[in-house]
There are 2 protein chains.
Amino acid sequence: MLENISMGRVISDADYKVQAPELQYQLFCAQKRCFEKKIPLLIQVAGLSGGGRGYLINTLNEWLDNKLTRTFSFWADYDFFDNWPQEWRYWQSLPGAGKTAIFYDGWYAQICRQRACGKISESEFEKRIESYKELERTLTDSGMAIVKIWLHLDKKIFNKIERRRAKAKGLRAYTPYDKELAEHYKEHVACVEKMITRSDTVNAPWTLIDASDMNYRNIAAGQTVIEAIENAIALKEIRDERIAKAKPKVAKPISASASILKRVDLSATVDKATYNKELPILQEKVRKLSYEAYLKGISSTLLFEGWDAAGKGSTIRRLLAGFDSRITRVIPIAGPSREELDHHYLWRFWKNVPPKGHVAVFDRTWYGRVLVERIEKFTPVEDWERGYQEINAFERRLTDAGGIVLKFWLQISPEEQLRRFKERQVTPRKQYKITEEDWRNRDKWGAYEIAVEDMLHKTDTSYAHWNVVPSEDKRYARLFVLRAYIAALKKALKK
Amino acid sequence: MLENISMGRVISDADYKVQAPELQYQLFCAQKRCFEKKIPLLIQVAGLSGGGRGYLINTLNEWLDNKLTRTFSFWADYDFFDNWPQEWRYWQSLPGAGKTAIFYDGWYAQICRQRACGKISESEFEKRIESYKELERTLTDSGMAIVKIWLHLDKKIFNKIERRRAKAKGLRAYTPYDKELAEHYKEHVACVEKMITRSDTVNAPWTLIDASDMNYRNIAAGQTVIEAIENAIALKEIRDERIAKAKPKVAKPISASASILKRVDLSATVDKATYNKELPILQEKVRKLSYEAYLKGISSTLLFEGWDAAGKGSTIRRLLAGFDSRITRVIPIAGPSREELDHHYLWRFWKNVPPKGHVAVFDRTWYGRVLVERIEKFTPVEDWERGYQEINAFERRLTDAGGIVLKFWLQISPEEQLRRFKERQVTPRKQYKITEEDWRNRDKWGAYEIAVEDMLHKTDTSYAHWNVVPSEDKRYARLFVLRAYIAALKKALKK
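Cut-offs used in this document
- Residues numbered from 1 in each chain as written.
- Chains lettered and ligands numbered in written order.
- Predicted model: local features only at pLDDT ≥ 70, side-chain atom pairs only at ≥ 80, totals over all residues.
- Heavy atoms only, no water.
- Helix = DSSP H or I, 4+ residues; strand = E, 2+ residues; numbered from the N terminus.
- Buried < 20%, exposed > 50% of the residue type's maximum accessible area, 1.4 Å probe, protein only.
- Contact = heavy atoms within 4.5 Å.
- Areas by Shrake-Rupley, 256 points an atom, 1.4 Å probe, with all protein chains shown as cover.
- Lys, Arg positive; Asp, Glu negative; His and termini not counted.
- Charge placed at Lys NZ, Arg CZ, Asp CG, Glu CD.
- Axes fitted to C-alpha atoms, helices over the stretch in contact; angles between N-to-C directions.
- Parallel < 35°, antiparallel > 145°, perpendicular 65-115°, else oblique.
- Left-handed = near helix turned anticlockwise from the far one by under 90°.
- Nonpolar A, V, L, I, M, F, W, Y, C, P; charged D, E, K, R; others polar.
- Least-squares fit on C-alpha atoms with pLDDT ≥ 70 in both.
- pLDDT = per-residue confidence, 0-100.
- Buried area = accessible area lost by both parts, 1.4 Å probe.
- Salt bridge = Lys/Arg side-chain N within 4 Å of Asp/Glu carboxyl O.
- Polar contact = N/O pair within 3.5 Å; in protein donor to acceptor, adjacent residues only side chain to side chain.
- Pairing = 2+ DSSP bridges.
- Expected span 1.5 Å × (residues − 1).
- Bend = angle between axes of the 7 residues up to and from the residue.
- Patch = residues over 30% accessible without salt bridge, like charges linked within 9 Å, V, L, I, M, F, W, Y side chains within 5 Å.

Looking now at the overall build of chain A. The number of helices and strands found in chain A is 19 helices and 10 strands. Structurally, chain A occupies a C-alpha span of about 85 × 50 × 40 Å along its principal axes. Considering chain A as a whole, with its 495 residues, one finds that 56% of them fall into the buried category. Residue pairs at least 24 apart in sequence account for 83% of intrachain contacts in chain A once pairs closer than 6 positions are excluded. In the structure as shown, chain A presents an accessible area of about 22100 Å², 52% of it carried by carbon and sulfur atoms. In chain A, 84 side chains carry a positive charge and 67 a negative one; their mean positions are 4 Å apart.

Structure representation (structure tokens):
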């Protein structure tokens, strides 16, 4: 395939001097429209060494509005980043609504290089391609425009440039790895071909550019970005229209026999004496096992969802008593900030993915996408409906990286909730916990019930199972959670 | 000193059961007031190993509102963090307005341990104490409440606990370093004494707590936090009153003879032929030298300030053409975001401090504190007046860490500005650059002139010199900036 891209195109300096300023102005205007339409734009500039990625990025920076644009490179590898799934670094750097990010190399270039030199296996290579495709799908579904540019050089020109680079030693950082890679031109190009064939998707297509002529390279890249922006704007308009015309979703109640919530035995209790005896024993077990998991680099992501007043906060506090605070974080999730709203909804959760061996406890979670955002109509139907699959993919990334994902739904009856609301109203130190919103949510119990059932059915996976916790008796719920975490830790440690 | 803290205090379990819930409620309410008053609260929990820092932090987390509180620990050392000045990590984790951060160990504990085991020199130890004191001063001046708790144990109890920890090997991570430190109890305590004596300031005092009794430890720590909050609230009220009563600052014009701006020779020009010849040569020099600086780990922080339309953007673009985009970032500074406003004004700049060897180019800078914030009265006089000294200290930290700080003021005449404004109005691709605000700022030329003169006089330091750039002729300005950076790189590389 790469041999077939139109090689040898040239734009003369005289032509370039005419075309470049015109293109620059068009690009600048396109970026402004992108900003107005709140479309995030991600430009990945990858290619063979010597193809002029750096020069092209400098040119793009010169052409674009630097107030909206930021360039990221991921070439410096630190052990530090090995603590998270690969995508973590990229998520940190994604552009918000209307902003532009330029990624030097992007996410595919490195795995091609690594594969060409035999540093990763074929199956790892393919797995990574698939995970990045999945990432792109998630991002473009949410309205991001993704441009992927590959700067190519045929073998003759590549060798010529490499010889020049190798001579300019020292300053140009011609590393032994560069040399190794240059010697593997054929293997490298084969990997690139495979990668491009696999990841040249409709939503995030590749543009292959012959980089041997600088003028042509710049013009072709600029045109690609303009087209991608125009395409994204057109898609957004179609989407907005579709959403405006969409019929409201009629929630289907779930039959009692299929209901997960209705099957929960809420009569389960634990007496105080047993509780007082068991609690410290289980906490000590959690302490020991979570430290063992720390030493083995197994992270834990614990999710708490449940009705208002179901006891999420107090259960988390009992759990925490068993943790080493150096490796633990509680992340309370409230409404998103301005900056968070400007990003993909998973962005704020990716930021908080625990590093290897650490524990992250989420007090409410990404499931807000299919609960509150659905009920309150904060999010169009097509977006939250896609959420189930996106969430499953997200959790899969965490477990694939060796982590534990443990999900708890704390279930209580509406009667028990009412009792706890009333208690909160009369207890001075609990009054802050009860607000008008809680009462409003309570009125929507039925709608929430349907949303919760849908969620439990659609996101209960083998790798991230939902634990529905009978929480009518708080003591029972707390011991249940501790025991479930102990079991999950033991299972993970056995592997 | 440490022998004199009241050791051996004990609270019985029965008393604790009465006192703890009462204290918890008080603490909870105090934190709420802190939130309402928008005071950031930083609690540092340091102490000897075995003193129960982790347990105390868990207890505080149980007592505080977890929606407002976040715990950070800095124990895991990665090479990654060596790329920035020590404080960088801490700045990333500072609490915003109304929020609480708990720092496991905080910033002093590690240097005491390192000093006790001879891992850093006495002068390095003292330097670090001073830099952290300076940091605390900056933070408390901006209204942060800082609590510093040291959990102490006398030698007998410490040894007993250490023996127990050493036996529980594996899980409790009793490292060789722990052992080494335990053998240096006397040296360690001496370092701690010295550190505490030096850093026990009025604005961020130490509380020494005998940690041998868990009940007493928790109660004493809780009380300390409550007192600190109350103290911060009282200080804030006094401050608010003082600011409300403060007389408006009458800006003193600077005499022509003392004026730096008036001495600038704006007639300097470069003809087009010379410019076209020199530019690529200088760009290539910047490319080579900045890469050499990269290899040596010398970072560059380049600051651009100047009148509207003075040519900051275009000069930066010419500069960028000489850079490797993998190690370069342009940071355009506009009005602060909600989150940025909730933090110390230097927070957003600390976030963007370049790592070792990298280049950060600021298009407008922290000098907004003493320019726009002064002129537009966004900031009380006493705050921006303190800015000069805070900024000098900040830049000193960057150069102490081996970086280059290069500051450019782009100077033009009001007539030239008018000419460029008018040109922008009639050139389609420049129209976006000219706004109502630019015209309003132009009307305040005189007030800005005074502020700029003050800035140039008060922040022109030996380590971070102001370059006032005659920019009436853009070509001259661009070559000037390139040459100044080349000179600075050469000087730094010679060291």
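This part covers the packing of helix α11 (residues 312-320) of chain A against helix α19 (residues 474-494) of chain A. Residues and elements named next belong to chain A. Packing of α11 against α19 brings their axes to within 10 Å, and their N-to-C directions diverge by 50°. Relative to α19, the element α11 lies oblique. Both α11 and α19 take part in a crossing whose hand is right-handed. Across the interface between the two elements, S314, T315, R318 and L319 from α11 touch K474, R478, V481, L482 and Y485 from α19. Partitioning the contact of α11 with α19 into residue classes produces 4 nonpolar, 2 polar and 3 charged.

Superposing chain B onto chain A requires a rotation of 180° together with a translation of 0.0 Å along the rotation axis, leaving an RMSD of 0.0 Å. Those values place the two copies in the arrangement expected of a two-fold rotation axis. No C-alpha of chain B approaches the rotation axis more nearly than that of F80 of chain B, which lies at 3.2 Å. With an isologous cut-off of 70% or more, the 100% of interface residues of chain B that recur at the interface of chain A puts this contact in the isologous class.

Before going further, it helps to examine the confidence of the model for chain A. Do not read the predicted coordinates in detail wherever pLDDT is low. Across chain A, the average pLDDT comes to 92, with 98% of residues at 70 or higher. The complex prediction reports pTM at 0.87, with the ipTM value standing at 0.80.

What follows deals with the interface of chain B and chain A. On the chain A side, the residues contacting the 48 residues of chain B number 48 residues. Taken over both partners, the interface formed by chain B and chain A buries close to 4900 Å², and the fraction arising from carbon and sulfur atoms is 57%. Counting the contacts that link chain B with chain A gives 2 salt bridges. Here D363 of chain A ties to K67 of chain B by a salt bridge, and the two come within 3.9 Å at their closest N and O atoms. Taken together, the links from chain B to chain A amount to 6 residue pairs in polar contact (both at pLDDT 80 or more). Contributing elements (two or more residues each) for the side of chain B that touches chain A: α1 (13-36), α2 (53-63), β2 (69-73), α10 (272-296), α11 (312-320) and β7 (328-332) of chain B. When residues of the side of chain B that touches chain A are assigned to their parent elements, the largest contribution, 7 residues, is made by α10 of chain B. For the side of chain B that touches chain A, the class distribution of residues is 22 nonpolar, 10 polar and 16 charged.

With that settled, consider the sheet that holds strand β2 (residues 69-73) of chain A. Residue and element names in this part refer to chain A. One open sheet holds the 5 strands; their spatial order is β2-β3-β1-β4-β5, and the pairing between them is parallel. The open sheet terminates on both sides in strands that have one partner only, identified here as β2 and β5 (206-210). Sheet twist, expressed as the mean angle between neighbouring strand axes with direction ignored, is 20°. Along the sheet, helix α9 (residues 214-245) contacts β1 (41-47), β4 (145-152) and β5; its crossing angle with β4, the most-contacted strand, is approximately 160°.

Further remarks concern α1 of chain B. Residues and elements named next belong to chain B. The terminal C-alpha atoms of α1 lie 34 Å apart, and with 24 residues this matches the ideal 34 Å at 1.5 Å per residue to within 8%. Along its length, α1 reaches its greatest deviation from straightness, about 30°, at Q19, and the proline P21 lies no more than four positions downstream. Buried residues of α1: Y16, A20, L23, Q24, L27, F28, A30, Q31 and C34, and no others. At its buried positions, α1 is contacted by β1 (41-47), α2, β2, β3 (100-104) and α9 (214-245). Positive phi shows up at K38, right after α1, with a value of about 60°.

What follows deals with the pairing of strand β8 (residues 359-363) of chain B. All names here are of chain B. Taken across its 5 residues, β8 has 5 buried, putting it largely inside the fold. On β8, burial covers both faces: V359, V361 and D363 on one face and A360 and F362 on the other are all buried. As paired elements, strand β6 (residues 300-306) and β8 share 5 bridges and run parallel to each other. Along β8, the bridge assignment pairs L302 with V361.

Our next topic: the pattern of salt bridges. Side-chain pairs of opposite charge can arise whenever the charged atoms involved come near each other. As enumerated under the stated definition, the model contains 84 salt bridges over all chains in all. A salt bridge links E162 of chain B to R165 of chain B; the shortest N-O distance between them is 3.1 Å. Of this pair, E162 of chain B and R165 of chain B both sit in helix α6 (residues 155-167), 3 residues apart, which is roughly one turn of that helix. In this structure E162 of chain B comes out as buried when scored by relative accessible area, which is 5%. Each of the salt bridges in this network shares a partner with another, and the network as a whole consists of R137, D141, R239, R242, E382, D383, R386 and E390 of chain A.

Below, the discussion takes up the side chain of E390 of chain A. Residue and element names in this part refer to chain A. Following the sequence through the fold, E390 ends up in helix α15 (residues 381-400). Judged by its relative accessible area of 4%, E390 is buried. A polar atom in the side chain of E390 sits 2.8 Å from the side chain of Y345. If we ignore the near neighbours within four places in the chain, the residues touching E390 are T138, D141, H344, Y345 and L346.

To continue, consider unusual backbone geometry. Of note in the backbone geometry, K38 of chain B takes a positive phi value of approximately 60° without being a glycine. By secondary structure assignment, the location of K38 of chain B is in the loop between α1 and β1.

All names here are of chain A. Together, K156, K160, R163, R164 and K167 give the surface a local cluster of positive charge. Inspection of the secondary structure assignment puts R163 in helix α6 (residues 155-167). For R163, a relative accessible area of 53% translates into the label exposed.

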